[in-house]
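# Structural characterization, general
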Amino acid sequence: MVVTDRRSAFKFGLVGAAALAAPQIMVRTVHAQAPVPEIGNPRFNRFNLGSFEVTAINDGARVMDDPHTIFGEDQEQAAVAELLEENFLPSDRLVNSFTPTLVNTGSELILFDTGLGAGAREGGLGQLRSRIEASGYSPDDVSIVVLTHFHGDHIGGLMEDGAPAFANARYVAGQAEYDFWTAEERMSGPTEGNAQAVQATVVPLAENMTFIGDGDEVVPGVSGMLAAGHTPGHMVFHLESEGRRLMLTADTANHYVASLQRPDWHVRFDMDKEAGAQSRRRVFDMIASERIPFIGYHMPFPAAGFIEKVDDGFRFVPVSYQLML
Ligand SMILES: [Zn+2]
């Protein structure tokens, strides 16, 4: 994408008097659902966690309109706008990004969630496969795919050209999530579209899938916790190696300001709003009090941070060099 805004033009040393006098170079059009331009960023972030190696991979990001209709849908529009502006964010648009995580335990290469997949690639998303390659692995190296829940931005990358995208992998998913989405009654009404996606991408892999519940281990050092609400079987994962810990919170919080500073606000994407809020409080209370770093699937890339308890909610503290040491 051509860099046309003035700040980036400064960075690239392109600004002269002529450019400053030509306001049309600053004109850009951004529509809802548009891909976010990427400028010279490899879009993966790697660090060690004890003897584990963790790679957060950006599947893409998109601009969405009207944050108040998603985060704080039970609040006045002005209250949502005020919170965003207080936090130096625009009130009319947001950027939603998608971050699957690859964990090399030394004996397994575990991928947590699969991004939006091929269907989103034309829009600049669904970049997981190419970025796994860019990070030095092949999709064929993945030995276990863990699904935190079955929304399209997490299961969309399971299949590629009608075949399993991670050809040598087995799968791990929550029993409650699988049972919910594969129940006959989901195939009509508001769940129909997602249930069809589950039939197309998850169900064909089920015979190679291990189903887990709250507290179950995926492999030594990796265990799941039920954090229902966003979906009925939504799970988060706890990683521990040589005393270093990390949580993968998936979609427990989907906006780094609104969902954390106002954890009780209703979120359109949470299927059960109250249960979603309860899970947010429980998971982030634990992360805050135990000072555990976490990767949140929809946090701003590289999607890793800490949580500080403030007032009646939480504050996202992005990582700097903590995970490099
Ligand atoms: Zn999601």
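Residues numbered from 1 in each chain as written. Predicted model: local features only at pLDDT ≥ 70, side-chain atom pairs only at ≥ 80, totals over all residues. Heavy atoms only, no water.

## Observations concerning the nonpolar core
Judged by nonpolar contacts, the single largest core of 43 residues is most densely connected at Phe112, Val218, Phe237, Leu239 and Ile295. With 5 residues, the single largest contributor to this core is helix 9 (residues 273-289). Among the nonpolar cores identified, the runner-up in size contains 28 residues, and Phe150, Leu158, Phe166 and Trp181 belong to it. (Core = buried A, V, L, I, M, F, W, Y, C linked by side-chain atoms within 4.5 Å. Buried < 20%, exposed > 50% of the residue type's maximum accessible area, 1.4 Å probe, protein only. Helix = DSSP H or I, 4+ residues; strand = E, 2+ residues; numbered from the N terminus.)

## Observations regarding the pairing of strand 15 (residues 244-250)
With 5 of 7 residues buried, strand 15 is to be regarded as a mostly interior element. Bridge count between strand 14 (residues 235-241) and strand 15: 5 bridges; the pairing is antiparallel. Within strand 15, the residue paired with Glu240 across the bridge is Arg245. In this antiparallel pair of consecutive strands, strand 14 and strand 15, the connection spans 2 residues, and Glu242 shows a positive phi of 50°. Examined bridge by bridge, strand 15 and strand 16 (residues 294-296) share 3 bridges and lie parallel to one another. (Pairing = 2+ DSSP bridges.)

## Looking at the coordination of the zinc ion
For a metal with four tetrahedral donors the ideal donor-metal-donor angle is 109.5 degrees, whereas six octahedral donors ideally subtend 90 or 180 degrees. Note on the zinc ion: its protein donors are Asp153 (OD), His154 (NE2), Asp251 (OD) and His298 (NE2). The metal-donor distances range over 2.1 to 2.2 Å. Classification of the site at the zinc ion rests on its 4 donor atoms, whose angles at the metal span 89 to 166°, yielding the label irregular. Coordination of the zinc ion draws on donor residues from a single chain, spaced D-H-x96-D-x46-H in sequence. In this pair, His154 is assigned in helix 5 (residues 152-155) and Asp251 in the loop between strand 15 and helix 8 (258-261), connecting sequence segments 97 residues apart. (Donors = N, O, S within 2.8 Å, 3.2 Å for Na, K, Ca; no water. Tetrahedral: all angles 85-135°; square planar, octahedral: opposite > 155°, others 65-115°.)

## Quick word on a nonpolar patch on the surface
Nonpolar side chains collect at one region of the surface, where Tyr321, Met324 and Leu325 lie side by side and expose about 430 Å² of accessible area between them. Summarising the element assignment, Tyr321 is placed in the segment after strand 18 (313-318). (Patch = residues over 30% accessible without salt bridge, like charges linked within 9 Å, V, L, I, M, F, W, Y side chains within 5 Å. Areas by Shrake-Rupley, 256 points an atom, 1.4 Å probe, with all protein chains shown as cover. Salt bridge = Lys/Arg side-chain N within 4 Å of Asp/Glu carboxyl O.)

## Some remarks on the packing of aromatic side chains
According to the stated counting rule, one finds 9 aromatic pairs in the structure shown. Centre to centre, the rings of Phe150 and Tyr178 are 6.3 Å apart; their planes meet at 85°, and the pair counts as edge-to-face. Residue Phe150 is found in the loop between strand 7 (144-147) and helix 5, and its partner Tyr178 is found in helix 6 (residues 175-182); the two are separated by 28 residues along the sequence. By relative accessible area, Tyr178 is classed as buried at 13%. Members of the aromatic cluster, each reached through a chain of ring pairs, are Tyr256, Phe284, Phe294, Phe314 and Phe316. Between Arg129 and the ring centre of Phe166, over which it is positioned, the NZ or CZ distance is 6.0 Å. (Phe/Tyr/Trp six-rings, centres within 6.5 Å; stacked < 30°, edge-to-face > 60°. Lys NZ or Arg CZ within 6 Å of the ring centre and 35° of its normal.)

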